[in-house]
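Read off the chains here:
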Amino acid sequence: MTIKRMTRSILFLVLSLLLPFTATASEPVDFQLPDIQGNDRKLSEFRGKWVVVNYWATWCPPCLDELPELEMFHNAHKDTDAVVLGVNLEEISLEKLKTFVEGQFISYPILLDEPGVSTALGRVTGLPTSYLVNPRGVVVARQVGPVDKAMLDSYIETYNNKQSD
């Protein structure tokens, strides 16, 4: 693990552990947004699994850097305990977005939301922003800036161990 990646992992863990003290809700959350196929999707569809809700845009370099990491995480966990939901926050044509998603080989669901600071899960003050929702549907962490597979795996393992103590 590189020093940069280890530093990001530690920062993510520290910020994540602080979030429950600053979060306004400890109850399950839900939202409904259309996906790029035109189907309405709900966060609650994925109850029982961890959900990484990643707010991003095609014009955002750090967002593009983390796409392969999110894809690896999603593919490693989608059949067992976790999924990624990408929420695109930009004004872009549906056809252009579909072409972009296909070109990036993104297999996790891509949802559409209006650009803005306020979302159903909380504030998005910069892109990318990821929220981690536990299997009960409660937001347990937020990261402004890129995440990677190792960070997500580590946080989930730490959280699960903490809950079983």
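Up top you'll find the structure we're talking about.
**Q** Provide a residue-level description of helix H4 (residues 149–164), including the pertinent values.
**A** For H4, with 16 residues, the first-to-last C-alpha span of 23 Å sits near the 22 Å given by 1.5 Å per residue. Within H4, the full set of buried residues consists of Met-151, Leu-152, Tyr-155, Ile-156 and Tyr-159. Seen end-on, H4 carries its buried residues on one side only, within an arc spanning 125°. The exposed residues of H4 that point more than 90 degrees off its buried face are Glu-157 and Ser-164. N-capping of H4 is provided by Asp-148, with a side-chain oxygen placed 3.2 Å from the backbone N of Ala-150.

**Q** Explain the packing of aromatic side chains residue by residue, including any values.
**A** Summed over all chains, the structure comprises four aromatic pairs. Ring geometry for Tyr-55 and Tyr-131: centres 6.1 Å apart, planes at 85°, overall edge-to-face. Linking Tyr-55 in strand E3 (residues 50–56) with Tyr-131 in strand E6 (residues 129–133), this pair joins segments that are 76 residues apart in sequence. A single burial state applies to Tyr-55 and to Tyr-131, both of which are buried.

**Q** Talk me through the pattern of salt bridges; I want residue IDs and the actual numbers.
**A** Scanning the entire structure with this criterion turns up three salt bridges. Within the structure, one salt-bridge network assembled from shared partners comprises Asp-35, Arg-41 and Glu-45.

Criteria and cut-off values
- Residues numbered from 1 in each chain as written.
- Predicted model: local features only at pLDDT ≥ 70, side-chain atom pairs only at ≥ 80, totals over all residues.
- Heavy atoms only, no water.
- Helix = DSSP H or I, 4+ residues; strand = E, 2+ residues; numbered from the N terminus.
- Expected span 1.5 Å × (residues − 1).
- Buried < 20%, exposed > 50% of the residue type's maximum accessible area, 1.4 Å probe, protein only.
- Arc of directions from axis to C-beta.
- Polar contact = N/O pair within 3.5 Å; in protein donor to acceptor, adjacent residues only side chain to side chain.
- Phe/Tyr/Trp six-rings, centres within 6.5 Å; stacked < 30°, edge-to-face > 60°.
- Salt bridge = Lys/Arg side-chain N within 4 Å of Asp/Glu carboxyl O.

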